[in-house]
Amino acid sequence: MYLPGLAQTDPEIRDLIIAEEKREWEKVRLIPSENYASSAVMEATGSVFTNKYSEGYPGKRYYEGQQLTDRVENLAIDRAKKIFGMEHANVQPYSGSPANMTVYHALLEHGDTIMGLALPHGGHLTHGWKVNFSGKSYHSVPYELDPATELLNYDKILEQAKEVKPKLIIAGYTAYPRTIDFAKFREICDAVGAFFHADISHITGLIIGGAHPSPFPMADTGTTTSHKTLRGPRGALIVSRKEYAEKIDKAIIPGLQGGPHNHTTAAIAVALKEASTPEFKQYAQQVVRNAKALAEELNANGFRLVSGGTDNHLILFETLKSKGISGRDAAKAFDKAGIVTNCNTVPFDPSSPFNPAGVRIGTPAITSRGMKEPEMKKIGKWMNEVIEHHADEQVLARIAAEVKEMCQSFPCPGINPGNWES
Ligand code: DSN
């Protein structure tokens, strides 16, 4: 019997878990922030370390019984420092937003000026967007992409930084398909005396695998979630220069959080170990090759790609003007056809973030299944067919069946269909 504890206690949740495993197996999952965690990561996440409280840090805890949690956390810290080449790591943030909050709390006073990319241009809520704590507690002056190229314009960012004199500048995005020149950000920060914070949540795996330049050790601080291209559990970590270590640690506890999630810490350690293998390097390179192949196919089918293409794991395309369908309606039609995406604003999009003009996709999850360029071509063609027949339920159902058929040949890490019948 699979999931025997749940079968006895809560069959309703057991059924939902199995149904979700089937959904993840049968669909082409293109949300660029999602992935498949390995069985090893899942085992650590579901382990008894969920039972232990351990406020504090290894060797300096408030509760006893930390012989093993200290070893787990030290392993995660050492692996994070080594893989990112930074002097300090804190592996306790509950997720990406608290990780960014911690950095600001450590380095800034409320009311200080910060500069991050505007949300509708691909920045994250916690990079100073007006409805978020980061835009409310700090004086946020977002920078934007260049309207002509839809790229970062480093000269403009420098000009703006000289004018507003931020205390901290954030580089790293959730919907930017191009390479980030982190060295330029270091220069800009040095020119105006600002802290340089890199939020590499989306591209961590690419950085580790050598498929995107690293901001380290140039950046003062860095945050990353652990569940995107890194393929770990839901969680996050912070790395920094040694001089900020104490401030960061104090900002986590007692500043913002209580007990760390030790089961997550264990799984982060596992993910970092997996990411330091040659196989992971190949994975990261293939993620980018797949994104480029998919972008090429979409381009050939008349999709307007923001910035014209991609250098990383992510593609953003406009649908409202170029295909006559809103991003939300397009994403809903893709989903019916077994292709899971999310609608997204595109730069200079006048529509609301809830009903934006574009769609965001990426290749981290499908690459974890072993899909390569030939599958990207098929997916691109299906996506075009979906848009052309978005109101035709029969066509969408036929494509969903074809997608499901293709997916059978590409096993998902962490999921074993043999379990479903037991
Ligand atoms: N929700 C994440 C993403 O999809 O990019 C960012 O936090």
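The rules behind each value
- Residues numbered from 1 in each chain as written.
- Predicted model: local features only at pLDDT ≥ 70, side-chain atom pairs only at ≥ 80, totals over all residues.
- Heavy atoms only, no water.
- Patch = residues over 30% accessible without salt bridge, like charges linked within 9 Å, V, L, I, M, F, W, Y side chains within 5 Å.
- Areas by Shrake-Rupley, 256 points an atom, 1.4 Å probe, with all protein chains shown as cover.
- Salt bridge = Lys/Arg side-chain N within 4 Å of Asp/Glu carboxyl O.
- Helix = DSSP H or I, 4+ residues; strand = E, 2+ residues; numbered from the N terminus.
- Buried < 20%, exposed > 50% of the residue type's maximum accessible area, 1.4 Å probe, protein only.
- Lys, Arg positive; Asp, Glu negative; His and termini not counted.
- Polar contact = N/O pair within 3.5 Å; in protein donor to acceptor, adjacent residues only side chain to side chain.
- Contact = heavy atoms within 4.5 Å.
- Axes fitted to C-alpha atoms, helices over the stretch in contact; angles between N-to-C directions.
- Left-handed = near helix turned anticlockwise from the far one by under 90°.
- Nonpolar A, V, L, I, M, F, W, Y, C, P; charged D, E, K, R; others polar.

Nonpolar side chains collect at one region of the surface, where Ile13, Leu16 and Ile17 lie side by side and expose about 250 Å² of accessible area between them. Note that Ile13 resides in helix α2 (residues 11–26).

Turning our attention to the side chain of Asp199. With respect to the element layout, Asp199 can be found in strand β8 (residues 195–199). This buried residue, Asp199, is left without a salt bridge; Lys228 holds the nearest opposite charge, at 6.7 Å. Within polar-contact distance, the side chain of Asp199 engages the side chain of His127 at 2.9 Å. What Asp199 contacts, discounting residues up to four positions off in sequence, is Asn100, His127, Ile170, Ala171, Gly172, Tyr173 and Thr223.

If you trace the backbone, Leu396 turns up in helix α17 (residues 393–407). With relative accessibility at 1%, the residue Leu396 sits in the buried group. Separated by eleven residues in sequence, Leu396 and Glu385 place their C-alpha atoms 8.7 Å apart. Excluding residues within four positions of it along the chain, Leu396 makes contact with Ala333, Lys336, Ala337, Val386, His389 and His390.

Our next topic: the packing of helix α12 (residues 278–300) against helix α16 (residues 373–388). Their axes nearest at 8 Å, the elements α12 and α16 cross at an angle of 35°. Crossing of α12 over α16 shows right-handed handedness. The segment α12 lies against α16, with Gln286, Arg289, Asn290, Ala293, Leu294, Glu297 and Leu298 engaging Glu373, Met376, Lys377, Ile379, Gly380, Lys381 and Met383. A class-by-class count of the residues in the contact of α12 with α16 yields six nonpolar, three polar and five charged.

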